[in-house]
Amino acid sequence: MAMFEWQGLKSKLGLRPQTEIRDIGSGPGAKCAKCGEVLMKIDFEANLHVCPFCDHHHVLGAADRARITLDYDSLVPRDNDLAAKDVLDFQGVESYKVKLENSRAKTGTLDAMLSGTGKLKGRDIAFGVTDARFIAGSMGAVVGEMIVRLIDAAIERKLALVVFSGSGGGARMYEGLFSLMQMAKTSAALTRLDDAGLPFISVCTQSTMGGVWASWAALGDVIIAEPKAQIGFTGPRVIKTTINAELPDGFQSAEFLLEHGQIDMIVHRTDMRDRIADLLDKLMGPIT
Ligand SMILES: [Zn+2]
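Keep in mind that what you see is a predicted model, and the values were worked out from it rather than measured.

The rules behind these values
Residues numbered from 1 in each chain as written. Predicted model: local features only at pLDDT ≥ 70, side-chain atom pairs only at ≥ 80, totals over all residues. Helix = DSSP H or I, 4+ residues; strand = E, 2+ residues; numbered from the N terminus. Rg over C-alpha atoms; globule rule 2.2 N^0.38 Å. Buried ≥ 20, exposed ≤ 12 C-beta atoms within 10 Å, placed from the backbone. Contact = placed C-beta atoms within 7 Å. Pairing = 2+ DSSP bridges. Right-handed = clockwise from strand over helix to strand, strands pointing away.

A. Focus on the overall build of the protein chain. Helix and strand counts for the protein chain come out as ten helices and ten strands. Its C-alpha atoms give the protein chain a radius of gyration of 18 Å, near enough to 19 Å, the size a compact globule of 288 residues would have. With the C-alpha coordinates aligned to their principal axes, the bounding extent of the protein chain is approximately 55 × 50 × 40 Å. Split into buried and exposed, the 288 residues of the protein chain put 42% on the buried side. By sequence separation, contacts in the protein chain at least 24 residues apart represent 68% of the contacts at least 6 residues apart.

What follows is the structure in structure tokens.
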């Protein structure tokens, strides 16, 4: 797969890159946070942030995901001026206001989503990705609204929709019902996409949980997962305590879900772009 330069998106959006490897001094080496092996940063980049030793798919920020998925510099971002409001004046160990400020500083985006239209191997698509670094990629009013506006854009321009979710946070509870209503809103919008005869490819990455999985992420015409991604509604600890029983091995892993028919395929990150392009050819026909 061709590598794409970071610079295009960075200058366009002011986004910050993402990495989970740990620096070991200022040299070219770093440690994989999963297996602890020392790797070369340049190899890690070239391998799309997948560890060459343990094959762990490290979490990617939204901009990096767009960069490795779309054709170079083709993303035209939309709705990136929408900003969440702390309507409930939510207080906690850390207030919602502080969480928002910290997440914005970390990612460079106003909320947990990057969306727009772009090209994938020459085909125009509507593209969205949640950023796991922004309050665990959770869906509040802004993410829900961005998904719906993206779906409307797909319908208007007759484009296929491709959304990557990495939303371990599910629905963002700091927004209470304003967040929960996004589940119905995004699901209803996907029905309109379906009525328009346009496909939705949902890609679930580490991790896709709660209200995000229980609404749009599970409604893909094709549901893809990255290897070993955790996908589900409630986390295993809570389920275990509630039903007071042991859970099967691999519960909520992409592999477990594939075996039980909840997702359609598991695709390695280095094959993802080719597989989506292939699916789009089948679902939409050749590029005209
Ligand atoms: Zn590793």
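B. The arrangement of the pairing of strand β6 (residues 123-130) in detail. When you tally the buried positions in β6, you get six out of eight residues, the bulk of the element. Of the strand pairs in this sheet, strand β5 (residues 113-120) and β6 are connected by eight bridges, and their pairing is antiparallel. Along β6, the bridge assignment pairs T117 with A126. Joining the antiparallel neighbours β5 and β6 is a turn of two residues, in which K121 adopts a positive phi near 50 degrees. Across five bridges, the pairing between β6 and strand β7 (residues 160-165) is parallel. Along β7, the bridge assignment pairs I125 with A160. Assessed by its sense of winding, the connection that carries the chain from β6 through helix α5 (residues 141-157) to β7 is right-handed.

C. Seen up close, helix α8 (residues 236-243). Counting buried positions along α8 yields zero of eight residues, so the element is predominantly exposed. Trailing α8 by a residue or two, N244 shows a phi angle of about 55 degrees, which is positive.

D. Representation of unusual backbone geometry. For the bond running from Q206 to S207, omega is -15 degrees, close enough to zero to count as cis. By secondary structure assignment, the location of S207 is in the loop between β8 (200-204) and α7 (210-213). The phi dihedral of D73 is positive, around 60 degrees, even though this residue is not glycine. Tracing the backbone through its elements, the reader meets D73 in the loop between α3 (62-69) and β4 (76-77). Judged by C-beta crowding, with 16 C-beta atoms within 10 Å, D73 ranks as partly exposed. The phi torsion at K158 lies on the positive side, around 55 degrees, for a residue other than glycine. Here K158 shows up in the loop between α5 and β7.

E. Focus on the sheet that holds β8. One open sheet holds the seven strands; their spatial order is β4-β5-β6-β7-β8-β9-β10, and the pairing between them is mixed. Edge positions in the open sheet fall to β4 and β10 (265-266), since each of these has one partner strand only. In the sheet, strand β9 (residues 222-225) pairs with β10 via two bridges, with the strands oriented parallel. Bridging from a neighbouring strand, A225 pairs with I266 of β10.

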